[in-house]
Amino acid sequence: MQDWLEKDLTYNWHPYTQMLNLRDNPPLLITRVAGRYLYDADGKAYYDSNSSWWCNVHGHCHPAIREAVEKQMRTLDHIMFGAIAHTPAIELAEKLVSITPPGLDRVFYSDNGSTAVEVALKMSVQYWRNTGNSRKCRIISLDAGYHGDTIGCMSVSNVELFRGAFDPLMFQAITAPTPHCDDCALPCKNKSFGRLHWDTDDENPPCVASMERLLINDADVTAAIILEPLLMGAGGMLIYPPAYLRGVAQLAMKYNVHLILDEVATGFGRTGKMFACEYAGITPDFMCLSKGLTGGTMPLAATMTTETVYEGFLSTDSSKTFFHGHTYTANPIGCAVALASLQLFEDDNLLGNVNTLTPLLLQKMQTFADIPIIKNIRAIGTVTAFDVIHPDYAELLKKIYRAGLANGLIMRPMGKASYLFLPQSATIDEVEMVFEKLDGIYREILK
Ligand SMILES: *Cc1c(COP(=O)(O)O)cnc(C)c1O
């Protein structure tokens, strides 16, 4: 094992990782995964409490997924998708159209969340250009939004730590205030720390007005508004109510700008509905899907859009073509796996499972409400979080991460939040087990 770690430090460069620190805190070497557990070389088990960066759904190496890979690999591994079609991509597109909100009738494939977002941004801007509105080219995003790490995605993301070094490369986006229910002073019945509190959800929360102010000034130069629906992951697991999303969708319509919903993290049942935007009963102009699309096993992404947008690109003028693609666009193995994953959603009633877990997760998290530096306890779907309000929150969260590893949990923090982001297939017993461990960890470190 030591040999492997030596070689890892010699040859690899890990994402989001200050490599200098890895000399003293070597990476965890995982040699095997099964169900919702990762195992290291000594056989020690770690529960996958962040779903392997928010993507795992059914647990690892699920037999149905493995079978789909094997079966697909026997007939068709990978071919280009430029004017060549294959049945896995056709079947999956038909399926995605049937399970996403009505009106999302076209599928454009790529291979990761960032590319799904880049595609939506580029399609929106080119749609307006193709239809004679080339002034409409700016994008509005939320001030704690996150949409990926490529230059376009970063330009509409606002997690400062991730983008500071690249400012000179970025295009100018318009930033709207995030609906922060936790420290919002506006009078509102929607204050929301998670789905369980949405009984009071009513129309027009005052935060929608901040979006409208931007549109009043800038609608004629704005192509699209991009949002993560209801759950803002990298911004720190912030949850806002459906009424805000509904309000923004109405504004997008009123001011003739596109609405791009980045469901990369929230899609496929993570929030308790198949797609988070279903809580608001809206159809966006674009929906970006990736992470859970293949159950968290293969790199695949899809950008869904409307027939109206699609038709904006149909022309005998070749400059109106959407000139974008990736080598692994619509990878057949990825598509086959996505179909197998969606079948498991039905066979295993995963949405039902998520909806039994949510109240339990919230109730368990609320048992820490007596710890004074814990604030804003919240939950949606299989995600639950709180903020650590303390000048040394970063150090405390690092301690929680290390104590988590020692106890067989993956507790990588996000901003000032400590959170769980469980696979949709997690069980009640696993939740009990996780919280038994967390009780010791949180009460020791955050006391
Ligand atoms: C993870 C994430 C992305 C980026 O996806 P990658 O596959 O890492 O490029 C984009 N948007 C959201 C909301 C995400 O959580």
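What counts and what doesn't
- Chains are numbered independently. Their residues run from 1 in the order of the written sequence.
- Only residues with pLDDT of 70 or above have their local features reported here, since the model is predicted, and side-chain atom pairs are shown and tallied only from 80 upward, although totals for entire chains, interfaces and linings are computed over all residues.
- Hydrogens and water molecules were not included; the side-chain quantities draw on all heavy atoms of the structure.
- Computed over the protein atoms alone on a 1 Å grid, cavities are sets of points where a 1.4 Å probe fits but cannot get out and pockets are open sets with protein on both sides within 12 Å along at least five of seven lines; a residue lines them when it has an atom within 4 Å of a point.
- Grid points are joined across faces, edges and corners, and a volume is the space filled by probe spheres set on the points.
- For this classification, Asp, Glu, Lys and Arg are treated as charged, while Ala, Val, Leu, Ile, Met, Phe, Trp, Tyr, Cys and Pro are nonpolar and the rest, including Gly, are polar.
- Per the annotation, domain bounds derive from an automatic or database assignment of domains.
- Contact between two residues is taken to exist if any of their heavy atoms lie within 4.5 Å; hydrogens are not considered.
- Here the buried area means the combined drop in accessible surface, using a 1.4 Å probe, for two parts upon being joined, counting both sides.
- Being near a molecule or strand, for a residue, means having at least one of its heavy atoms within 4 Å of it.
- Two N or O atoms form a polar contact when they lie within 3.5 Å of each other; inside protein one atom must be a possible hydrogen donor and the other a possible acceptor, and for residues adjacent in sequence the pair counts only when both atoms belong to side chains.
- Methods summary: accessible areas were calculated by the Shrake-Rupley approach with a probe of 1.4 Å, and residue burial reflects only the protein chains presented.
- In this description, the term disulfide denotes a pair of cysteine sulfurs within 2.5 Å.
- Only protein chains enter the accessibility calculation, which uses a 1.4 Å probe; a residue is then buried when its area is under 20% of its type maximum, exposed when over 50%, and partly exposed in between.

Engineer: Whenever I open this one, empty space enclosed by the protein confuses me. Can you help?
Structural biologist: Empty space among the atoms becomes apparent when a probe as large as a water molecule is rolled across them. Per the stated rule, a full pass over the model turns up two cavities of 30 Å³ or more. Considering only enclosed or pocket space, the largest cavity measures out at about 70 Å³ in volume. In terms of lining residues, the largest cavity is bounded by P179, H180, C181, C184, C188, N190, K191, P205, C207 and P241. The residue makeup of the lining of the largest cavity, split by class, is seven nonpolar, two polar and one charged.

Engineer: What's the story with the domain arrangement of the protein in this structure? I'm lost.
Structural biologist: Accessible area lost during the coming together of the parts is what is often quoted as the interface size. Under the domain assignment, the protein is made up of domain 1 (2-58 + 349-445) and domain 2 (67-347). Computed over C-alpha atoms, the centres of domain 1 and domain 2 are 26 Å apart. Counting residues at the interface gives 33 residues for domain 1 and 36 residues for domain 2. Roughly 2,800 Å² is buried in total at the junction of domain 1 and domain 2, and carbon and sulfur atoms are behind 62% of that figure.

Engineer: Any chance you could explain the site of the ligand here in plain terms?
Structural biologist: The ligand sits among W54, N112, G113, S114, Y146, H147, G148, E228, D262, V264, A265 and K291. Between the ligand and D262, the relevant distance is 2.6 Å, taken from a nitrogen atom to a side-chain nitrogen or oxygen of the residue. For the ligand, an oxygen atom lies 2.6 Å from a polar atom in the side chain of K291. When the free accessible area of the ligand is taken as 380 Å², the share hidden by the protein chains comes to 82%. Among the residues making up the shell around the ligand, the classes are represented as four nonpolar, five polar and three charged.

Engineer: Before we go on, may I ask you to explain the state of the cysteines in this structure?
Structural biologist: Two cysteines, two sulfur atoms, one covalent bond between them: this is a disulfide. Enumeration over the complete set of coordinates arrives at zero disulfides. Considering cysteine sulfurs only, C153 is the nearest to C137, which forms no disulfide, with 17 Å between them. Not part of a disulfide, C288 finds its nearest cysteine sulfur in C153, a span of 8.2 Å. Relative accessible area serves as the criterion here: at 0%, C288 is assigned to the buried category.

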